[in-house]
Amino acid sequence: MRVFILFAKYFGRLGGKNTAYDHDKEGEHLAAAFLRSFTEDADFIFGVTKLVRWHMQLMFVDKNLPFADIPSMTADVNMGDIALLGLCDRLGRTGVDKRKEEEAVTRFLKKLQT
């Protein structure tokens, strides 16, 4: 249990808002290794790992951060899927303003269309 709590704190899921830089990129590799222990379905593994890789783009694009990489993201994932995953990720936090997060997703999708 102690290992889980340390892991969760590192990745920002317990104890308030923590920052784990590059967790999207590291998570892509961890997810691939994890999924390969259950399946050899390369398409499934690719799809899931790319969603993990790009899930932070909602914030990066919405806030015009330099980490935004729309061309690479759109080559790897469906925009509706990544927007939904990003919204789910944000709504899973304590004390979140649902309307504000939904507005961020709308802005994200509009920016992708321009």
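Refer to the structure above for everything that follows.
Sequence positions are assigned chain by chain, starting from 1 and proceeding in written order. Given that this is a predicted model, residues contribute local features only at a pLDDT of at least 70 and side-chain atom pairs are listed and counted only at 80 or more, while totals for whole chains, interfaces and linings are drawn from all residues. With hydrogens and water excluded, all non-hydrogen atoms of the structure serve as input to the side-chain values.

Asker: How would you sum up the overall build of the protein chain? Please name residues and give values.
Answerer: Secondary structure summary: the protein chain contains seven helices and zero strands in total. Under the DSSP-based scheme used, a helix requires at least four consecutive residues in state H or I and a strand at least two consecutive residues in state E, with every element numbered from the N terminus. Counted from the first residue to the last, the protein chain has its helices and strands arranged as α-α-α-α-α-α-α. The cut-offs for exposure are 20% and 50% of the maximum accessible area for each residue type, with area from a 1.4 Å probe on protein chains only; residues under the lower value are buried, those over the upper are exposed, and the others partly exposed. Here the protein chain holds 114 residues, and the buried ones make up 31% of them. Contacts are residue-level and defined by heavy atoms, with any inter-residue pair within 4.5 Å sufficient. If you take every contact in the protein chain between residues at least 6 apart in sequence, the share linking residues at least 24 apart comes to 52%. Method for areas: the Shrake-Rupley scheme with a 1.4 Å probe, in which residue coverage is limited to the protein chains shown. Counting only carbon and sulfur atoms, one obtains 58% of the accessible surface of the protein chain, whose full area is about 8,000 Å².

Asker: Any chance you could break down the packing of helix α6 (residues 79-91) against helix α7 (residues 98-113) for me, citing the residues and the numbers?
Answerer: Axis geometry follows a simple rule: fit a line to the C-alpha atoms, using only the stretch in contact for helices, then measure angles between N-to-C directions, giving values from 0 to 180 degrees. Where α6 contacts α7, the axes come no closer than 10 Å and their chain directions differ by 155 degrees. Viewed along their axes, α6 and α7 adopt a mutual orientation that is roughly antiparallel. The element α6 and its partner α7 pack so that their crossing is right-handed. Judged by residue contacts, Met79, Ile82, Ala83, Leu87, Arg90 and Leu91 of α6 engage Lys98, Glu101, Glu102, Ala104, Val105, Phe108, Leu109 and Leu112 from α7. By the definition adopted for this analysis, an angle is roughly parallel if under 35 degrees, roughly antiparallel if over 145, roughly perpendicular if from 65 to 115, and oblique otherwise. Take the far helix as the reference: if the near one is turned anticlockwise from it by less than a right angle, the crossing is left-handed, and if turned clockwise, right-handed.

Asker: Hey, could you go over the nonpolar core for me, with residue numbers and the actual values?
Answerer: Here, the term nonpolar core denotes a set of buried Ala, Val, Leu, Ile, Met, Phe, Trp, Tyr and Cys residues that are joined through side-chain atoms within 4.5 Å. Membership of the largest hydrophobic core comes to 13 residues, with the highest contact counts inside it found for Met73, Val77, Met79, Ile82 and Phe108. Residue assignment for this core shows that the elements contributing at least two residues are α4 (57-62), α6 and α7. Aside from chain neighbours lying at most four places away, what touches Met79 is Met73, Thr74, Leu109 and Leu112.

Asker: I'd like a description of α7, backed by residues and values.
Answerer: One less than the number of residues in a helix, times 1.5 Å, gives the span that helix is expected to have. Counted at 1.5 Å a residue, the expected span for α7 with its 16 residues is 22 Å, and the 23 Å between its end C-alpha atoms agrees. Every buried residue belonging to α7 is among Glu101, Ala104, Val105, Phe108 and Leu112, and all of these are buried. An end-on view of α7 places all buried positions within 100 degrees of arc, on one side of the element. In α7, the exposed residues that point more than 90 degrees away from the buried face are Arg99, Lys100, Lys110 and Gln113. Buried residues along α7 sit in contact with α4, α5 (70-76) and α6. Capping the start of α7, Asp97 holds a side-chain oxygen 3.2 Å from the backbone nitrogen of Arg99, two or three residues further along. Taking the helix axis as origin, the arc is that swept by the directions to the C-beta atoms. In protein, a polar contact requires one atom able to donate a hydrogen and another able to accept it; more generally it is a pair of N or O atoms within 3.5 Å, and residues adjacent in sequence count only if both atoms are side-chain atoms.

Asker: Summarise unusual backbone geometry; cite the residues concerned and give the values.
Answerer: Negative phi characterises most residues that are not glycine, and trans characterises most peptide bonds. In the Ramachandran plot, Asn64 falls in the positive-phi region, its phi being about 55 degrees despite a non-glycine side chain. You can see Asn64 is positioned in the loop between α4 and α5.

Asker: So what's going on with the packing of aromatic side chains? Which residues, and what values?
Answerer: Note on aromatic contacts: the rings of Phe and Tyr and the six-membered ring of Trp form a pair at centre separations within 6.5 Å, being stacked when their planes are under 30 degrees apart, edge-to-face when over 60 apart, and tilted otherwise. Counted by the stated rule, this structure contains two aromatic pairs. Each ring, one from Phe34 and one from Phe38, has its centre 4.9 Å from the other, and the planes form 65 degrees; the classification is edge-to-face. The exposed category is assigned to Phe38, whose relative accessible area is 61%. Ring geometry for Phe60 versus Phe67: centroids 5.3 Å apart, planes at 55 degrees, classification tilted. Judged by its relative accessible area of 53%, Phe67 falls in the exposed class. Geometrically, a lysine NZ or arginine CZ counts as sitting over a ring once it is within 6 Å of the ring centre and also within 35 degrees of the ring normal. We note Arg53 situated over the ring of Trp54; from NZ or CZ to the ring centre the distance is 3.9 Å.

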